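Fold and geometry: a report
Each chain, written out:
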Amino acid sequence: MVGRSAGLRSIGAKVTRGRPRLGRTGQRRLGDAVTYAILLAGLTFTLLPFVWMLSASLKPEGKILVFPPRLWPDPWTWENYRYVLQETLFPRWVMNSLLICCITISAHLISGSLVAFGFARLRFPGRNVLFMLVLSTMMIPFQAYMIPRFKIIQWLGLLNTLLAVVLPYLFGSPFYIFLMRQYYMTLPLELDDAARIDGCNTFQIYLRILLPLTKPILATVAVLEFLAAWNSFLEPLIYLNSMENYTVSLGLSLFRQGWGGMIHWGPLMASTALSALPPLIVCFAAQKQLAGGIAVTGIRG
Amino acid sequence: MSATITAPRQRGSFRLRLTNRQREAVEGYICVSPWFFGFLIFTAGPMLAALGLSFTELRLNTMPRFVGFSNYATMTKDPLFWHSLAVTVRYTAVSVPLRLILALAVALLMTRSLRGIFALRTIYYLPAVLGGVPIALLWMWVLRDDYGILNYLLGVVGIHGPRWLDDPSWAPWSLVMMSAWNFGMPMVIFIAGLQNIPAQFYEAAAIDGAGAWQRLRHITLPLLTPTTLFLLVSQVIASFQVFDIAFIISRGDGGPVRSTLVYLLYFYRQGFGYFRFGYASALVLVLLLIILALTALIFRSSSLWVFYESEVR
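A word on the overall build of chain B. For chain B, the helix and strand inventory stands at 14 helices and two strands. With the principal axes as the frame, chain B shows a C-alpha extent of 85 × 70 × 40 Å. Residues classed as buried in chain B amount to 40% of the 313 residues present.

Next up, the structure:
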């Protein structure tokens, strides 16, 4: 019943034509129904935390911690959202996170694509060795060099600035370089030759001929980097220490600490919902780009 | 080669007289230089520095003092090092198989051509775009022992739910639950792997009279082993680096009673709680070695269970 394509189904039908077995379609219908049932049951598991979060975020203060728990907020209120957006630094944290996202996305698109172009299109001694270095650093977790990196940022006097969070990512990062390089490799070399005959130099080939053709992978990189930068936690955590410089993730962890000796679940869930919103929108709106990232990362074994 | 094509170009905008090949090399170096300098300053340099620091004692604002292998020796006698390693290994051993099995099961159902399957796929993928912080917060709210929805639902079917977040023997399970919930990424990769299995295998099997179970057992699973290998390696690596969710549910201290003190959280506390940078560097390098060794081990074992179509046995 698994992984069948349309081709298989027609073959199966041909085979059964010889010895008619009633209920072949019935069996498939049953299979479909069971599949739906399981998948819809699984949805509960996936969606329950989201629904439960929204429910809490829309309840007034006194109605959140009640037993038995009630899913439907009654009465319904936007108070928690108003509080988070007007009386806390949350909007500021959103702006910080967005700023960081914009800067790192631009950096990856500009310097990353240039580097990828170099690796894919130009021949120079040591190219393969350098590319192997790119690949191998893809595997090394950031924590392995986090302390010296922190020391460098400290030495540069950038601690507690947003620049600290973006600076190491202005030079392109291995995964995106790899992604874009693979894409460049699929473009025919004749393009470069034709452009060269027409009098383009290397950088014009990059800028005018190839870059416009790589838009799909640039979009993928932008989407992946948006998610990565928006969700990043550990790195901002070590660099940033005053509240007005926090990113959204750090701000959330601050809400989690609670105040007055307790966690305020209404505002906490409202801010969690707000912070989850941009990634969720991206997930719906940019499916093709997300899938593009997954397709290139070498899933084929 | 292309040199013959570009040879007539004698205009030479460079003052220097370079052959086409040399010029291409120079341009190549210019192109990759942004990455190269970033790599030297922010990755390779710090990597080597971390190695060096692991042989020193270094506090927040002091100069590093060389102490030889003392940090590594301390580690072998540090009960919290062993404890955090054990917490992480247990977490990995449970959560990675659980995630992969869930992902595979759902992926198998997802490859049936059903109406609305793409919408379902997207919804199942949703948790994968969230960061660790919102995931942990969502689940803390679901798992609250008194007013949480999970224990209420368990109560409805007659089970007295545990104190998920406050009981040291259950807190690690809440971490496992958070990670199991987040199976969208392996699911999508399994779906891609399933779609790469050529249909003629199933056609041949159907003609030979193989049932659904036999097709799964003898075609799908063997042909999916390269995908599984890739996922196993990447998930084990990621799982050893678990940090955000443990940090959030325990307020950064690994509680209750250190039951969620995962390795990186211990590293973070040593490095940025007590500012023992030398010792923390040693800790993280040991983690790197463990991850490398595990990856190598999984790859070595792959000849026993991974099946490649092109392979000749």
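The next subject is the overall build of chain A. Of the regular secondary structure elements, chain A holds 15 helices and zero strands. Sorting the 301 residues of chain A into buried and exposed places 39% on the buried side. Looking at chain A alone, contacts between residues at least 24 apart form 75% of all its contacts between residues at least 6 apart.

Turning our attention to the interface of chain B and chain A. Contacts between the two partners involve 85 residues from chain B, matched on the other side by 86 residues from chain A. The element best represented in the side of chain B that touches chain A is helix H2 (residues 20-53) of chain B, accounting for 19 residues. In the side of chain B that touches chain A, the residues fall into 61 nonpolar, 16 polar and eight charged.

What follows concerns the nonpolar core. By size, the foremost hydrophobic cluster in this structure holds 140 residues, and its most contacted members are B:Ala136 and B:Trp141. The residues touching B:Trp141, leaving out its near neighbours within four places in the chain, are A:Trp52, A:Met53, A:Ala56, A:Trp265, A:Met269 and B:Gly148.

What the domain assignment reports for chain A is domain 1 (1-50) and domain 2 (84-296). Between the C-alpha centres of domain 1 of chain A and domain 2 of chain A there is a distance of 41 Å.

This part is about the environment of B:Leu126. Residues and elements named next belong to chain B. Looking at the element boundaries, leucine 126 is found in the loop between helix H5 (117-125) and helix H6 (132-143). The exposure class assigned to leucine 126 is partly exposed, which follows from the 18 C-beta atoms found within 10 Å. For the pair leucine 126 and glycine 28, spaced 98 residues apart in sequence, the C-alpha to C-alpha distance is 40 Å.

Moving on, we get to helix H14 (residues 277-305) of chain B. Its 29 residues place the ends of H14(B) 42 Å apart at the C-alpha level, agreeing with the 42 Å of an ideal helix rising 1.5 Å per residue. Among the residues making up H14(B), those that are buried are B:Phe277, B:Gly278, B:Tyr279, B:Ala280, B:Ser281, B:Ala282, B:Leu283, B:Val284, B:Leu287, B:Leu288 and B:Ile291.

The next thing to look at is the packing of helix H11 (residues 212-240) of chain B against H14(B). Residues and elements named next belong to chain B. Two elements in contact, H11 and H14, have axes separated by 10 Å at closest approach and are oriented at 165 degrees. Our classification of the angle between H11 and H14 gives roughly antiparallel. Seen from above, H11 lies across H14 with right-handed handedness. Across the interface between the two elements, Thr225, Leu229, Leu232, Val233, Val236, Ile237 and Phe240 from H11 touch Leu287, Ile291, Leu294, Thr295, Ile298, Ser302 and Trp305 from H14.

Quick look at the environment of B:Leu289 now. By the secondary structure assignment, B:Leu289 is in helix H14. On the basis of neighbour counts, which here come to 10 C-beta atoms within 10 Å, the residue B:Leu289 falls in the exposed class.

All names here are of chain B. The N-to-C vectors of helix H9 (residues 184-195) and H11 enclose an angle of 150 degrees; their axes lie 9 Å apart at closest approach. The orientation of H9 relative to H11 falls into the category roughly antiparallel. In this structure, H9 crosses over H11, and the sense of that crossing is right-handed. Taken together, the residues of H11 that come into contact with H9 (itself represented by Pro186, Ile189, Phe190, Gly193 and Leu194) are Thr220, Leu224, Thr227, Leu231 and Gln235. Class assignment of the residues belonging to the contact of H9 with H11 gives a composition of six nonpolar, four polar and no charged.

Residues and elements named next belong to chain B. By secondary structure assignment, the location of proline 162 is in the loop between helix H7 (149-156) and helix H8 (171-181). Each C-alpha atom, one on proline 162 and one on aspartate 146, is 9.7 Å from the other, the two residues being 16 residues apart in sequence. Excluding residues that lie within four positions of it along the chain, proline 162 makes contacts with Asp167 and Trp170.

Take the confidence of the model for chain B next. Residue and element names in this part refer to chain B. Within chain B, residue pLDDT values average 87, and 93% of them lie at 70 or more. Least confident of the elements in chain B is helix H1 (residues 2-6), whose mean pLDDT is 46; most confident is helix H4 (residues 79-110), at 94. Of the regions scoring below 50 in pLDDT, residues 1-9 engages in six contacts with residues more than four places distant in sequence or in other chains. Scored as a complex, the prediction yields pTM 0.87 and ipTM 0.86.

Residues and elements named next belong to chain A. The share of residues in chain A with pLDDT of 70 or more is 90%, and the mean pLDDT across the chain is 84. Confidence scores differ between elements of chain A, with helix H1 (residues 6-18) showing the lowest mean pLDDT of 42 and helix H4 (residues 90-121) the highest of 93. Confidence over residues 1-20 falls short of pLDDT 50; this stretch has 29 contacts with residues more than four positions distant or in other chains.

What counts as what
- Residues numbered from 1 in each chain as written.
- Chains lettered and ligands numbered in written order.
- Predicted model: local features only at pLDDT ≥ 70, side-chain atom pairs only at ≥ 80, totals over all residues.
- Helix = DSSP H or I, 4+ residues; strand = E, 2+ residues; numbered from the N terminus.
- Buried ≥ 20, exposed ≤ 12 C-beta atoms within 10 Å, placed from the backbone.
- Contact = placed C-beta atoms within 7 Å.
- Nonpolar A, V, L, I, M, F, W, Y, C, P; charged D, E, K, R; others polar.
- Core = buried A, V, L, I, M, F, W, Y, C linked by C-beta atoms within 7 Å.
- Domains from an automatic or database assignment.
- Expected span 1.5 Å × (residues − 1).
- Axes fitted to C-alpha atoms, helices over the stretch in contact; angles between N-to-C directions.
- Parallel < 35°, antiparallel > 145°, perpendicular 65-115°, else oblique.
- Left-handed = near helix turned anticlockwise from the far one by under 90°.
- pLDDT = per-residue confidence, 0-100.

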